[in-house]
Amino acid sequence: MADDDRSVPDAAQAAAPGPTLRFEQSSHPAGATVLHAIGAIDDDTSPDLWVEMGIWSEAGPELILDLTRVDFLGTAGLNSLLQSRDMMGSEGKRLRVYCGSGRPARRALQVTGAMDLFDVVDRIPEEPASSRNMLFGVPDPDVRLNGQRRSNDE
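Residues numbered from 1 in each chain as written. Predicted model: local features only at pLDDT ≥ 70, side-chain atom pairs only at ≥ 80, totals over all residues. Heavy atoms only, no water.

Asker: Would you mind going over the nonpolar core with me for this structure?
Answerer: Note that soluble globular proteins tend to have their nonpolar side chains buried in a common cluster. Ranked by internal contacts, the top residues of the largest apolar core, which has 25 residues, are L65, L67 and L73. Of all the secondary structure elements, the ones that give two or more residues to this core are β1 (21–27), β2 (33–41), α2 (46–57), β3 (62–73), α3 (75–90), β4 (94–98) and α4 (103–112). In terms of residues, this core owes the most to one element, β3, which gives five residues. If sequence neighbours within four positions are ignored, L73 has contacts with I41, L67, L78, L81, A105 and A108. (Core = buried A, V, L, I, M, F, W, Y, C linked by side-chain atoms within 4.5 Å. Buried < 20%, exposed > 50% of the residue type's maximum accessible area, 1.4 Å probe, protein only. Helix = DSSP H or I, 4+ residues; strand = E, 2+ residues; numbered from the N terminus. Contact = heavy atoms within 4.5 Å.)

In structure tokens:
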């Protein structure tokens, strides 16, 4: 294939931005600062999350991170959340996480086990204390698939 046979991306494709993350701030009636994350939290945007969390954690003793409008939460984002939680904890401050109807964020916290590592303010009421049981139950090894107990001679 000759060099001149390759297609060259047009200017719109070349200038297309990658995932974006933006933030909005509000105040909770109880006095906490609420930081609303909007977009994707991935390798490219997790440093932005870290910076914003650092800035807004200075506003008071409690920060609520609203992940309702996050459409992707990757491992880099989870790492930034953990680092922010640790940083705030070392300063005597509290980080709370709100997932709302945001399924991507809630799912990422559940499947990684990180739900247990954060103060999630909107846990599902019927949810067991541990998120390990939220996705599916682990069968009892002494019970058959048909529900009958196994005997000792099996």
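Asker: Even after reading the chapter, I still don't get the environment of L21, so can you show me in this structure?
Answerer: Note on placement: L21 falls in strand β1. Look at L21 and you get buried, because its relative accessible area is 13%. Residues L21 and D48, 27 residues apart in the sequence, show an inter-C-alpha distance of 7.6 Å. Contact partners of L21, with chain neighbours within four places excluded, come to A37, I38, G39, A40, I41, T45 and L49.

Asker: Just to check I follow, could you spell out α3 for this structure?
Answerer: Residues lying three or four places apart along an α-helix face the same way, a consequence of the helix completing one turn every 3.6 residues. Over its 16 residues, α3 runs 22 Å from end to end, which matches the ideal 22 Å to within 8%, given 1.5 Å per residue. Every buried residue of α3 is listed here: A76, G77, L78, S80, L81, S84 and M88. Residues of α3 that are buried make contact with β2, α2, β3, β4 and α4. Immediately downstream of α3, the backbone of G92 shows phi near 75 degrees, a positive value. (Expected span 1.5 Å × (residues − 1).)

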